[in-house]
Amino acid sequence: MPKLAIALPDGVTSLTMKNDEIKFNVGNGKAKGVVEAFRKQFRDAGWKEDVATLDAMAGAVSLSKEKQSLTLNYTDTGVMPAEVTLSAMGVELSASK
C-alpha cells in the first residue's frame, strides 16, 4: 500500500496514530489554519480537492488522488481543545516533524 508522510505542525498534543488515521489537538483558534496548511500541502502534491467546508468552529476537506482518498476534519469551539483528524483510504499515513 502506498505511504503518505504528514508533516505535523508545531504545538501538537494528544497525538494518536493508526495506519489510516492521525488525530491530534492544537491550541484554540489554530485548527482551521492547520487544515488550510494541509490543503495547500496536498494540492501541491497533486491531490484533487473534492469538497471543502471551512468555518471558524468546524470544517471538513475531502481530497482524492488515483484510488486514494483523504478526509480532514476539525472542530475548534474554543471550549474544548481544538481537534484535527486526518483519515485515509487506500494509503497508509505516517507522521513526520
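Presented here is an overview of the structure given in this document. (Residues numbered from 1 in each chain as written. Predicted model: local features only at pLDDT ≥ 70, side-chain atom pairs only at ≥ 80, totals over all residues. Heavy atoms only, no water.)

## Let's talk about helix H1 (residues 31-44)
So, step 1. Helix length check: H1, at 14 residues, gives a terminal C-alpha distance of 20 Å against a target of 20 Å (1.5 Å per residue), a fit within 8%.
So, step 2. Regarding H1, the residues found buried are Ala31, Val34, Val35, Phe38, Arg39 and Phe42. Across the axial projection of H1, the buried residues extend over an arc of 145°, all falling on one side.
So, step 3. Buried positions along H1 lie against strand E1 (3-7), strand E3 (21-26), strand E4 (48-54), strand E5 (58-65), strand E6 (68-75) and strand E7 (82-89).
So, step 4. A positive backbone phi angle near 95° is found at Gly46, which sits one or two residues after H1. (Helix = DSSP H or I, 4+ residues; strand = E, 2+ residues; numbered from the N terminus. Expected span 1.5 Å × (residues − 1). Buried < 20%, exposed > 50% of the residue type's maximum accessible area, 1.4 Å probe, protein only. Arc of directions from axis to C-beta. Contact = heavy atoms within 4.5 Å.)

## Digging into the pattern of salt bridges
Close approach of charged atoms allows side chains of opposite charge to pair.
So, step 1. Evaluated as defined, the whole model comprises 7 salt bridges.
So, step 2. Of the charged contacts, one joins Glu36 and Arg39 as a salt bridge, the two residues approaching to 3.0 Å between their closest N and O atoms. Remark: Arg39 and Glu36 occur in helix H1; sequence separation between them is 3 residues, near one turn of the helix.
So, step 3. Look at Glu36 and you get partly exposed, because its relative accessible area is 32%.
So, step 4. Assessed through its relative accessible area of 12%, Arg39 is described here as buried.
So, step 5. A network of salt bridges, in which partner residues are shared, links Glu36, Arg39, Arg43 and Glu49. (Salt bridge = Lys/Arg side-chain N within 4 Å of Asp/Glu carboxyl O.)

## Side note on the environment of Met80
So, step 1. Position of Met80 relative to the elements: it lies in the loop between E6 and E7.
So, step 2. The exposure class assigned to Met80 is exposed, which follows from its relative accessible area of 56%.

## A word on the pairing of E3
So, step 1. Buried residues dominate E3, accounting for 5 of its 6 residues.
So, step 2. Here 4 bridges tie strand E2 (residues 13-18) to E3, and the two strands are oriented antiparallel to one another. By the bridge assignment for E3, Thr13 is matched with Asn25.
So, step 3. The pairing of E3 with E7 spans 6 bridges and is classified as antiparallel. Looking at the pairing, Ile22 lines up with Leu86 of E7. (Pairing = 2+ DSSP bridges.)

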